[in-house]
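Below, each chain spelled out in residue letters.
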Amino acid sequence: MKKGRQYKEYDLPLTSSNGNKFQVRIRVNDNNPFDFSVILMYQEPQSKYWYILRRYNGKNHTHKNKIEKERILGYHIHKATERYQLRGYNIDGYAEEASTYSNWHDALSVMLYDCNIKIEGKTIYDY
Amino acid sequence: MFQEGIERYVVDTPFGFDDGDSFVIVLKKDEDGWHFTDEGHTLMHLSYYDLDIPSTKGKRRSFFNNILETHNIEDINGELIIRVENEQYGDSLFSFIQALTKITDLSFIRKQHISSLFKEDFKEYMKHIFGDKCTFSYSEPKHDPDGNYVVDCYVDLDRPLLIFALTGDYRCKDAIITCLAFKEWGYTFNSIGVFEESKNISPKVLAQSMDWVDKQFSTLTSAKELMPEYTKKMALC
């Protein structure tokens, strides 16, 4: 943990078999084990801009979907959607309630499964 | 507001981040009394989007410090808290929410790519790469005592490296003219241009700069990613 932070951070760059660049980013709050985020990011080759595709969040805060006007209490998964992007909202502004994990380790496993991330000869925990 | 732990109350408000997540606000008691805290969440949340406030210097840091000062917020190693004075819970909560909103807006500043912040980030990164070899806003003392041909970052190497922070068409043209002047004065040098946003440069100027500036990076982000390998390959470090 670096100075001036109340959280642990892990950033793991990944390159897909066809050369696309991704990053798995994990943030875990030291004060509250339910405050975490496991993130899958994609870098657009031309602009080098990173887009958040998925974000598996803990349950220490509520989330509001601005278009659907619904509130989620508890674990939730942010998903990049075109409709949020087109309306000028954050691309990861939409989220769905989650019941498949209750800590960041499990959230990471669920994300790897959901997003079909396989690392040849290694698991992500080997990094 | 609901209790979650001893002398710990979670305060749920409709205020939050751009992505729809609410602010984390918790009312807690310690030896100095009651206070509202974000339990370190706010800065963690901003880090999802590469806004690293604890490591930030310059104007962005100064904005952050001003917000804390204005709202009597304490930054305890990344945890933001506001003390409740004289049982004025509502006032403290309102001030805390205002401060969190302003801090969140710092990410908006990042998105806007304000030029002064770009230049600060440019300088910071060049110092990180080339250290003491950098001279910023350099002009050649012998041929240009009036400072008409300024190099944004001059790197003192066997073969000097001229690096330009390119914020728009005018700065691109300045960089081209400066490169031509150095050539005219008989210098052998390498040159790099880092665009604030290459897509904002007109095609004609972009083509001209490609002819006269050796290597170009489309944004500072791309420079940060690709420059270390480039400088190594070209033996520029």
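Residue positions are given per chain, counted from 1 along the sequence in the order it is written. Note on labels: chains are lettered from A, ligands numbered from 1, in written order. Confidence filtering applies because this is a predicted model: local features only for residues at pLDDT of at least 70, side-chain atom pairs given and counted only at 80 or more, and all residues used for totals across whole chains, interfaces and linings. Values reported for side chains reflect all heavy atoms of the structure, with hydrogen atoms and water molecules removed beforehand.

1. Description of the overall build of chain A
Definition in use: A run of DSSP states H or I qualifies as a helix once it reaches four residues; a run of E qualifies as a strand once it reaches two. Both are numbered from the N-terminal end. Three labels apply to residues, based on accessible area from a 1.4 Å probe with only protein chains included: buried if under 20% of the type maximum, exposed if over 50%, partly exposed otherwise in between. Residues count as neighbours in contact if any of their non-hydrogen atoms are within 4.5 Å of one another. Every accessible area reported is derived by Shrake-Rupley at a probe size of 1.4 Å, with residue values counting cover from the shown protein chains alone.
Helices and strands together make up the secondary structure of chain A, namely two helices and eight strands. Of the regular secondary structure in chain A, the N- to C-terminal order runs β-β-β-β-β-β-β-α-β-α. Scored against the burial criterion, the 127 residues of chain A give a buried share of 46%. In chain A, 32% of the contacts between residues at least 6 apart in sequence involve partners at least 24 apart. Accessible surface for chain A amounts to roughly 7000 Å². Of this, 49% is attributable to carbon and sulfur atoms.

2. Comments concerning the side chain of Q43(A)
With respect to the helices and strands, Q43(A) occurs in strand 3 (residues 36–43). The buried category is assigned to Q43(A), whose relative accessible area is 3%.

3. What to know about the environment of N65(A)
All names here are of chain A. Using the following cut-off: Under this definition, polar contacts are N or O atom pairs within 3.5 Å; protein pairs additionally need one hydrogen-donor-capable and one acceptor-capable atom, and for neighbouring residues in sequence, both atoms have to be side-chain atoms.
When you line up the elements, N65 lands in strand 5 (residues 62–65). Put simply, N65 and Y84 are 19 residues apart on the chain and 9.6 Å apart in space, counted from C-alpha to C-alpha. What N65 contacts, discounting residues up to four positions off in sequence, is E70, I72, Y84, G93, Y94 and A95. Looking at N65, its side chain comes within polar contact range of the side chain of H63, at 2.7 Å.

4. Some thoughts on the pairing of strand 6 (residues 70–73) of chain A
All names here are of chain A. Our working rule: Each pair of strands is called paired provided DSSP finds at least two bridges between the two strands.
Examined bridge by bridge, strand 5 and strand 6 share four bridges and lie antiparallel to one another. Across the sheet, the residue bridging to H63 is I72, located in strand 6. What sits between the antiparallel neighbours strand 5 and strand 6 is a turn of four residues, in which K69 has the positive phi angle 55 degrees.

5. A closer look at the interface of chain B and chain A
Frequently, the measure chosen for interface size is the accessible area that the parts lose on association. For the record, the criterion: Here the quantity called buried area is the accessible surface, traced with a 1.4 Å probe, that two parts lose on coming together, added over both. Only one rule defines a salt bridge in this text: a Lys or Arg side-chain nitrogen within 4 Å of an Asp or Glu carboxyl oxygen. Only Asp, Glu, Lys and Arg are considered charged, only Ala, Val, Leu, Ile, Met, Phe, Trp, Tyr, Cys and Pro nonpolar, and every remaining residue, Gly among them, polar.
Of the residues lining the interface, 34 residues belong to chain B; the matching set on chain A comes to 37 residues. Both sides together, the interface formed by chain B and chain A hides about 2700 Å², and carbon and sulfur atoms give 42% of it. On the chain B side of the contact with chain A, M44(B), Y48(B) and N77(B) bury the most area, a combined 22% of that side's loss. The salt bridge partner of D19(B) is R55(A), with a shortest N-O separation of 2.4 Å. For the pair chain B and chain A, the number of links is 28 residue pairs in polar contact (both at pLDDT 80 or more). Of all elements in the fold, only helix 1 (41–48) and helix 7 (220–233) of chain B reach the threshold of two or more residues within the side of chain B that touches chain A. Sort the elements by how many residues they give to the side of chain B that touches chain A and helix 1 of chain B lands first, with six residues. Tallied by class, the residues present in the side of chain B that touches chain A amount to nine nonpolar, 14 polar and 11 charged.

6. Observations concerning the pattern of salt bridges
Applying the stated criterion across every chain, the model contains 23 salt bridges over all chains. Among the ionic pairs, R5(A) bridges to E9(A), the shortest N-O distance being 3.7 Å. The exposure class of R5(A) is buried, given its relative accessible area of 4%. Residue classification places E9(A) among the partly exposed positions, given a relative accessible area of 23%. Ionic contacts of the salt-bridge type, sharing partners, join the residues R5(A), E9(A), D11(A), R25(A), R27(A), D50(B) and D52(B) into one network.

7. Let's talk about the environment of D92(A)
In this structure, D92(A) sits in the loop between helix 1 (82–86) and strand 8 (94–97). Separated by 38 residues in sequence, D92(A) and R54(A) have C-alpha atoms that sit 7.1 Å apart. Other than its neighbours up to four places away in sequence, D92(A) contacts I52(A), R55(A), H78(A), K79(A), A80(A), D19(B) and Y49(B). At a separation of 3.3 Å, a polar atom in the side chain of D92(A) contacts the side chain of R55(A). At 2.7 Å, the side chain of D92(A) forms a polar contact with the side chain of Y49(B).

8. Quick look at the confidence of the model for chain B
Low pLDDT marks stretches whose predicted atomic positions should not be read closely. Heads up, the condition is: The predictor attaches a confidence to each residue, called pLDDT, with possible values from 0 through 100.
This prediction gives chain B a mean pLDDT of 90; 95% of its residues lie at or above 70. In the model output, the complex is listed with pTM 0.69 alongside ipTM 0.92.

9. Examining the sheet that holds strand 2 (residues 8–10) of chain B
All names here are of chain B. Taken in spatial order, the six strands of this open sheet run 1-2-3-4-6-5, and their pairing is antiparallel. Strand pairing shows two members of the sheet lacking a second neighbour, strand 1 (2–3) and strand 5 (74–76), which therefore form its edges. Pairing analysis gives three bridges linking strand 2 to strand 3 (residues 26–30), with the strands arranged antiparallel. For Y9, the partnering residue across the bridge sits in strand 3 and is L27.

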